[in-house]
Amino acid sequence: MSGLIRFTPQGPVLAEKDGRVFTRFADWLAAPVEARGGAVVLAPTDDPAALDEHLSSLSAIAIEFPKPTDGRGFSIATLLRTRLGWTGELRAVGAVAYDQLAFMARCGFDVFDLREEEDGTACLRAFSEIGVLYQGAVDQKLPLFRRRAQALAAIAERDA
Amino acid sequence: MRLPCMGGAGGGYLKGMYRYDALDRRLVEDRVAQFRDQTARYLAGKLSADDYKPLRLQNGLYEQRHAPMLRVAIPYGMLSTAQLRVLAEIARRYDRGYGHFTTRQNIQYNWVKIEETPDILALLAGAEMHAIQTSGNCVRNVTTDHFAGIAPDEEVDPRPYSELMRQWSTLNPEFAHLPRKFKVAFNGAREDRAATSVHDLAFDLYKNAAGEVRLRVKVGGGQGRTPRLAVTIREDLPWQEMLNYTEAVLRAYNRWGRRDNLYKARIKILVEALGPEKFAHEVDADFVYLEGGAGTLTQEELDRVSSFFVDPPYAGDADADLSNARARHPRFAEWLDRNVAAHKRPGYAAVTLSFKRAGIAPGDATAEQLDAVADLAERYSFGEARVTHYQNLVLSDVAQRDLFELWLAADALGLAEANIGLATDMITCPGGDFCALANARSIPLAETIRARLAPIENEIGDLAIKISGCINSCGHHHVGHIGVLGVDKNGEEWYQVLVGGRSDTESALGQILGKSVAAEEVASLIERLAQLYLRERRRGERFIDTAQRLGVEPFKAAAYPASKPALETA
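Residues numbered from 1 in each chain as written. Chains lettered and ligands numbered in written order. Predicted model: local features only at pLDDT ≥ 70, side-chain atom pairs only at ≥ 80, totals over all residues. Heavy atoms only, no water.

A. The arrangement of the overall build of chain A in detail. The number of helices and strands found in chain A is 5 helices and 7 strands. Since a compact globule built from 160 residues should have a radius of gyration of about 15 Å, the 17 Å found for chain A is in line with a globular shape. Judged by the C-alpha coordinates and their principal axes, chain A covers about 60 × 35 × 30 Å. Sorting the 160 residues of chain A into buried and exposed places 53% on the buried side. (Helix = DSSP H or I, 4+ residues; strand = E, 2+ residues; numbered from the N terminus. Rg over C-alpha atoms; globule rule 2.2 N^0.38 Å. Buried < 20%, exposed > 50% of the residue type's maximum accessible area, 1.4 Å probe, protein only.)

Have a look at this one:
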């Protein structure tokens, strides 16, 4: 029932869990360079800036959510995307729950390793529940006030 | 649903309130549908109580002592007549016929059913209202001066900025789960009527020498068990950068605020741990990346939002000579002196309807009263009313020639007690009669204080008594001239009394006088404090002035005459 949601150009797609191994950032740093692997997982207390010099040797970054209401991962993701320019896979792991998915997506996550009790198919709906975004974020960088005309036109089209 | 009266039917005056467009409307409608689905999943057992909790809280729904409570946002306190009538309808259809105005200019309903909440939210959405982020660990309802836009001492109207902040903070993804709640307030007048010093983040709006709007930014104020006054971290922020700077403040808090201890999770603890300078430095280090970027506010957007907050079509001949009516009706004269405030527009006045009445919980309003206030607002105040953080309602634009008629009507409704700013105009949390957190029953306590002080309240003059049923401080006891806090001692209700707090421009935290006392002792203790003031005051001194001049010691002595029984120090 659970699974892995991945953003594709066609929208979010549900897949089987891929079992990809992410190494804790501290362990990754401590390992010999040739043994490091290309995927790290950050804890909510990790400083994303410390990854800056290592980004070119990584192919995926995960951020752990100890519980659905720990919002630190949202800021870490935002900084990775906007400040450090990370364009590779950004995966949410841990307590990844239906009702947080839309927030996570807005902060730049593109892969969601759903927790066991989630209904993966149902979770696909979570990304489009709210059709109006007031503030800029990673996904839509412009706040609503900088794109009002387009947004109003889109709503009018949807309602027509 | 669409409501009559909304949208300025007949092409008349669109009142000085923000109006939703298709985008704002879509957002609240989507939010209702989302919460309806979440609630259905919860009721079907597909969503655990733990997972549902933060979702319902961010939609205003609490578990209370007797029943769920729904807190509805009233952004910066402003209400149209149509909205007042919807609030009345909710009270009638979904509650027990009344609502309760809070110290955050909101209204809460104490007897709702979980399964009916999505329907209530849909009703609110139809009236351009919502309950988004009225609870939970997120940015809460933005508050400001209840005399915004009409006060003679106002330099900058805070309402457009409050609305811009409301929109930016609504469903902001990065800050959806902060360490703890986050309260924002604005003030644009010389006198601070918005209690900005006890907010997590507050803005004083002013104009610089060049006439440009600037913001003084204050952080880290709050009450609770570690009361702190906010400290200034930026003196002269250009208004265009208000949201970017807020983003930097919130990001610092989101990343570094404590999450291990509920009682140390507010931003005030972080600001104190780092020190205000270091905190400001961290904020600035982030802000440099945001300044001048996509989040920088445009003149066009400020103009768009400001265009809603226009003056009503004031009459040129609104003034009146009230001296005859004053002389003939002493109660009217008292009401004019206490409940009617000066207005920027000659001939107009702001009228406070008192929701502090004998036998009724402070801030409670019945459906009939809400409807009646809507009628009064329509008739006498261009269809607009405001909620004050003192839990009263204001009619903001009343012609002086209408004052006597309005007084008669308000008096007939029991809303004209001439007590604004006096001892019986108490701020009180709902207390143990409703709230699951409270140690003490604030409402019956307020009643005993009222009975004791009402006979001498005019002699005392300005006195802000604020009562909280527990240390969460919803009743603002830390900033009452006299504060009262309910504490639990082995399952019994006891009360601490504080003196010297204030939330105006010269903000200060009250000091605890000493041992906590039993409920039946509180009113007489407070009366002794008032009597001390009456004996010691100098010409023109208010209670708070005397308290500040004398310091706390004489009040301690007056509070605890040697023979009075009391419990050990709390």
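B. Here's a closer look at the domain arrangement of chain B. Residues and elements named next belong to chain B. Domain parsing of chain B yields domain 1 (13–126), domain 2 (150–306), domain 3 (323–412) and domain 4 (427–559). The partner domain 3 presents 8 residues to the 6 residues of domain 2 that form the contact. Summed over both partners, the interface of domain 2 with domain 3 comes to about 550 Å²; 62% of that surface belongs to carbon and sulfur atoms. On the domain 2 side of the contact with domain 3, I150, P152 and R159 bury the most area, a combined 82% of that side's loss. Seen at the junction of domain 2 and domain 3, the total is 0 salt bridges. (Domains from an automatic or database assignment. Contact = heavy atoms within 4.5 Å. Buried area = accessible area lost by both parts, 1.4 Å probe. Salt bridge = Lys/Arg side-chain N within 4 Å of Asp/Glu carboxyl O.)

C. Local environment of the sheet that holds strand β10 (residues 231–238) of chain B. Residue and element names in this part refer to chain B. Strands sit in the order β6-β7-β8-β9-β10 across an open sheet of 5 strands; the sheet is mixed. The strands lining the two open edges of the sheet, one partner per strand, are β6 (143–144) and β10. Of the pairings in the sheet, the one linking β6 to strand β7 (residues 184–187) comprises 2 bridges and is parallel in character. By the bridge assignment for β7, T144 is matched with F186. Against the sheet, helix α5 (residues 159–169) touches β6, β7, β8 (201–207) and β9 (213–219), its axis set at about 165° to β7. (Pairing = 2+ DSSP bridges. Axes fitted to C-alpha atoms, helices over the stretch in contact; angles between N-to-C directions.)

D. Representation of unusual backbone geometry in the model. All names here are of chain B. A positive phi angle, near 40°, is found at Y76, a position not held by glycine. Tracing the backbone shows Y76 in the loop between β2 (68–72) and β3 (78–80). Of note in this structure, Q391 is not a glycine but carries a positive phi near 70°. Among the structural elements, Q391 can be located in the loop between β14 (384–387) and β15 (393–399).

E. Local environment of the pattern of salt bridges. Residue and element names in this part refer to chain A. Under the counting rule described, the total for this entry stands at 60 salt bridges over all chains. The partner of R81 in a salt bridge is D110, and the shortest N-O contact between them spans 3.3 Å. Here the residue R81 occupies a position in helix α2 (residues 72–82), and D110 occupies one in the loop between α3 (101–106) and β7 (111–113), the gap between them amounting to 29 residues. The residue D139 makes a salt bridge to R106 at a minimum N-O spacing of 3.0 Å. Here R106 lies in helix α3 and D139 lies in the loop between α4 (120–123) and α5 (148–159), a separation of 33 residues in the sequence. When its relative accessible area of 43% is taken as the criterion, D139 is described as partly exposed. The buried category is assigned to R106, whose relative accessible area is 6%. Residues joined in a network through salt bridges with shared partners are R6, D18, R20, E89 and R91.

F. The pairing of strand β17 (residues 465–468) of chain B, seen in detail. Residue and element names in this part refer to chain B. Alternating positions in β17 separate into two faces, I465 and I467 on one and K466 and S468 on the other, with burial throughout. As judged from the 2 bridges shared by strand β16 (residues 427–428) and β17, these two strands associate in the parallel manner. Bridging across to β17, T428 finds its partner in I467. Pairing of β17 with strand β18 (residues 482–489), which is carried by 4 bridges, proceeds in the parallel orientation. Pairing of K466 across the sheet is with G483, part of β18.

G. View of the domain arrangement of chain A. All names here are of chain A. One can read the domain layout of chain A as domain 1 (4–129) and domain 2 (131–160). Inter-centroid distance (C-alpha atoms) of domain 1 to domain 2 is 26 Å. In this assembly, 8 residues from domain 1 lie in contact with 8 residues from domain 2. Of the roughly 530 Å² buried between domain 1 and domain 2, counting both surfaces, carbon and sulfur atoms make up 55%.

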